[in-house]
Amino acid sequence: MRVLVAEDGAVAVDVFRKHHEAIDVVVLDMLMPHMDGLQAFQAMQEIDPSVRVVLSTVYSQDHRAGQLLRTGT
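Summary of the structure given here. Residue positions are given per chain, counted from 1 along the sequence in the order it is written. Residue-level local features of this predicted model are given only where pLDDT is at least 70; pairs of side-chain atoms are given and counted only at 80 or more, and the full residue set underlies all totals for whole chains, interfaces and linings. With hydrogens and water excluded, all non-hydrogen atoms of the structure serve as input to the side-chain values.

### Brief notes about unusual backbone geometry
Heads up, the condition is: What counts as a helix is a DSSP run of H or I of at least four residues, what counts as a strand is a run of E of at least two, and both are numbered from the N terminus.
One non-glycine residue, His34, lies in the positive phi region at around 70°. Counting through the fold element by element, His34 comes out in the loop between strand S1 (26–29) and helix H2 (37–47).

Laid out in structure tokens, this is it:
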């Protein structure tokens, strides 16, 4: 197993763009600098509509978490 790490949402999208064919799952935090988890997920979904994401957040009342979950992914 190989783990790719990104320090913020924008870098995560760049890493995903370069390596998406080898990535099985993405773990996203909803609160990241430069691009939040929802924005990063949407950008990744444009690159690969079948992207699988695990959402991580400490804020269960964050409306963006619910918005991401409603996408059905």
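### Describing the pattern of salt bridges
The line we're drawing: For this document, the term salt bridge refers to a Lys or Arg side-chain nitrogen within 4 Å of an Asp or Glu carboxyl oxygen. Think of it in three bands: residues with accessible area under 20% of the maximum for their type are buried, residues over 50% are exposed, and the middle band is partly exposed, with areas taken using a 1.4 Å probe on protein chains only.
Summed over all chains, the structure comprises one salt bridge. The shortest N-O distance in the salt bridge between Asp14 and Arg17 comes to 2.9 Å. Placement of both Asp14 and Arg17 in helix H1 (residues 9–19) is noted, with a separation of three residues, approximately one turn of the helix. You can call Asp14 partly exposed: its relative accessible area is 38%.

### Digging into the pairing of strand S2 (residues 53–56)
For clarity, the threshold we go by: Pairing between strands is defined by DSSP: at least two bridges between the two strands are required. Place the viewer so that the strands point away; then a crossover is right-handed whenever the path from the first strand over the helix to the second strand goes clockwise.
The sheet contact formed by S1 and S2 spans four bridges and is parallel. By the bridge assignment for S2, Leu28 is matched with Leu55. Note that the unit made of S1, H2 and S2 has a crossover that is right-handed.

Such coordinate-based values are descriptive only and should not be taken to indicate function.
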